[in-house]
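# Notes for the structure review
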Amino acid sequence: AQSVTQPDIHITVSEGASLELRCNYSYGATPYLFWYVQSPGQGLQLLLKYFSGDTLVQGIKGFEAEFKRSQSSFNLRKPSVHWSDAAEYFCAVAGTGGFKTIFGAGTRLFVKA
Amino acid sequence: EPEVTQTPSHQVTQMGQEVILRCVPISNHLYFYWYRQILGQKVEFLVSFYNNEISEKSEIFDDQFSVERPDGSNFTLKIRSTKLEDSAMYFCASSRSSGGGETQYFGPGTRLLVL
């Protein structure tokens with residue numbers, strides 16, 4: 001069955017510290033992977049996506065993610081977190097021929113001063 | 001930059017009433033989607049729509065739900081007889097083509113509260 005697991009419900013980091021949000025997926029075929037961010041009361045904004053090629057992908061706002069097929073993971077990283085990064089982050093997967101995107105449960109990021 | 005818009009941003013309705021949620025997808029996109037997010041839960045796929053017909057739907061999308069593209073710009077989700085458990089944020093999305101490689105662009109959502 002297709003699924004996305006985000007093991008951390010919430011994470012708190014200090015401003016300026018590095019961040020890694022974990023994502024594991026289960027997908028029978030070649031997955032397309034996404035990270036979205038949702039600020040309170042807002043819609044979903046695409047941070048980055050992986051289709052093929054270089055397993056380290058760069059996104060907006062200084063985020064990057066690394067696809068590791070052997071670990072079925074697509075972890076999101078940022079070297080230095082800003083207070084404005086506080087939001088909910090969703091990992092998602094889609095297939096080559098499908099229409100739907102499957103989302104993880106999300107990880108809420110809190111940033112402390 | 002073009003974006004998906006949704007109206008209304010919030011809607012409160014009584015149980016059993018019909019609601020219509022509206023979306024304006026990005027103008028050159030051909031595929032349209034509805035997702036919902038119950039408070040505190042994950043975003044769930046409801047339905048996809050292409051060429052004036054449903055392409056795929058989830059088990060959530062039962063006979064109470066319907067979608068329509070009434071004109072060249074709007075895409076609507078109708079809930080015929082709302083239930084308390086329909087309270088959620090509903091997101092519309094659109095994409096240029098289908099397949100996982102194509103990015104779906106999401107609107108800001110409509111928060112529906114059923115009393």
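Report on the accompanying structure. (Residues numbered from 1 in each chain as written. Chains lettered and ligands numbered in written order. Predicted model: local features only at pLDDT ≥ 70, side-chain atom pairs only at ≥ 80, totals over all residues. Heavy atoms only, no water.)

Looking only at helices and strands, chain A features zero helices and 12 strands. Each helix and strand of chain A, ordered N terminal to C terminal, gives the series β-β-β-β-β-β-β-β-β-β-β-β. By the compact-globule yardstick of 13 Å for 113 residues, chain A fits well, its C-alpha radius of gyration being 13 Å. Along the first, second and third principal axes, the C-alpha set of chain A runs to 45 × 30 × 20 Å. Expressed as a percentage of its 113 residues, the buried residues of chain A come to 46%. Sequence-distant contacts, at least 24 apart, represent 53% of the contacts inside chain A between residues at least 6 apart. (Helix = DSSP H or I, 4+ residues; strand = E, 2+ residues; numbered from the N terminus. Rg over C-alpha atoms; globule rule 2.2 N^0.38 Å. Buried < 20%, exposed > 50% of the residue type's maximum accessible area, 1.4 Å probe, protein only. Contact = heavy atoms within 4.5 Å.)

Here we take up unusual backbone geometry. Leaving glycine aside, a negative phi is the common case for residues, and trans is the common case for peptide bonds. Residue and element names in this part refer to chain B. In this structure, proline 8 follows threonine 7 across a cis peptide bond, with omega equal to -10°. Along the polypeptide, proline 8 turns up in the loop between strand 1 (5-7) and strand 2 (10-13). Of note, asparagine 52 is a non-glycine position whose phi angle comes to about 65°, a positive value. For asparagine 52, the position within the fold is in the loop between strand 5 (43-50) and strand 6 (53-57). Taking relative accessible area as the criterion, asparagine 52 reaches 58% and is therefore assigned exposed.

Of the residues lining the interface, 21 residues belong to chain B; the matching set on chain A comes to 23 residues. With both chains or domains summed, chain B and chain A bury close to 1700 Å², and 58% of this area falls on carbon and sulfur atoms. In this structure, the connection of chain B to chain A is made through zero salt bridges. Looking at the side of chain B that touches chain A, the elements that each hand over two or more residues are strand 4 (31-37), strand 5 and strand 6 of chain B. Per-element tally for the side of chain B that touches chain A: the top contributor is strand 4 of chain B, with four residues. (Buried area = accessible area lost by both parts, 1.4 Å probe. Salt bridge = Lys/Arg side-chain N within 4 Å of Asp/Glu carboxyl O.)

On to the environment of glutamate 1 of chain B. By the element assignment, glutamate 1 of chain B lies in the segment before strand 1. For glutamate 1 of chain B and histidine 29 of chain B, which are 28 residues apart along the polypeptide, the C-alpha to C-alpha distance reads 14 Å.

Across soluble globular proteins, you tend to see nonpolar side chains buried next to one another. Membership of the largest hydrophobic core comes to 27 residues, with the highest contact counts inside it found for Leu19, Trp35, Leu47, Leu48, Phe74, Leu76 and Tyr89 of chain A. When contributions to this core are tallied by element, the ones reaching two or more residues are strand 2 (10-14), strand 3 (19-21), strand 5 (32-38), strand 6 (45-50), strand 8 (64-68), strand 9 (73-78), strand 10 (87-94) and strand 12 (107-112) of chain A. What leucine 48 of chain A contacts, discounting residues up to four positions off in sequence, is Leu33, Phe34, Trp35, Val57, Gln58, Gly59, Phe63, Glu64, Ala65, Phe74 and Leu76 of chain A. Counting 23 residues, the second-largest nonpolar core is a separate cluster that includes Ile79, Ala88, Tyr90 and Cys92 of chain B. (Core = buried A, V, L, I, M, F, W, Y, C linked by side-chain atoms within 4.5 Å.)

Of the volumes computed, that of the largest pocket is approximately 420 Å³. What lines the largest pocket is a set of 18 residues, among which Leu44 and Gln45 of chain A together with Glu3, Tyr105 and Phe106 of chain B lie closest to the centre. Only strand 6 of chain A together with strand 10 (105-106) of chain B provide two or more residues apiece to the lining of the largest pocket. Considering only residue class, the lining of the largest pocket consists of 10 nonpolar, six polar and two charged. (1 Å grid on protein atoms, 1.4 Å probe; cavity = no way out; pocket = protein on both sides within 12 Å on 5 of 7 lines; lining within 4 Å. Points joined across faces, edges and corners; volume = space filled by probe spheres on them. Nonpolar A, V, L, I, M, F, W, Y, C, P; charged D, E, K, R; others polar.)

With that settled, consider the side chain of threonine 82 of chain B. Residues and elements named next belong to chain B. By the secondary structure assignment, threonine 82 is in the loop between strand 8 (75-79) and strand 9 (88-95). Judged by relative accessible area, threonine 82 falls into the buried class, the value being 1%. Within the local environment of threonine 82, its side chain forms a polar contact with the backbone oxygen of glutamine 14, the two atoms lying 3.1 Å apart. With residues up to four places along the chain from it excluded, the contact list for threonine 82 reads Thr13, Gln14, Met15, Gly16, Gln17, Val19 and Val114. (Polar contact = N/O pair within 3.5 Å; in protein donor to acceptor, adjacent residues only side chain to side chain.)

Everything listed here is a matter of geometry and, on its own, says nothing about what the molecule does.
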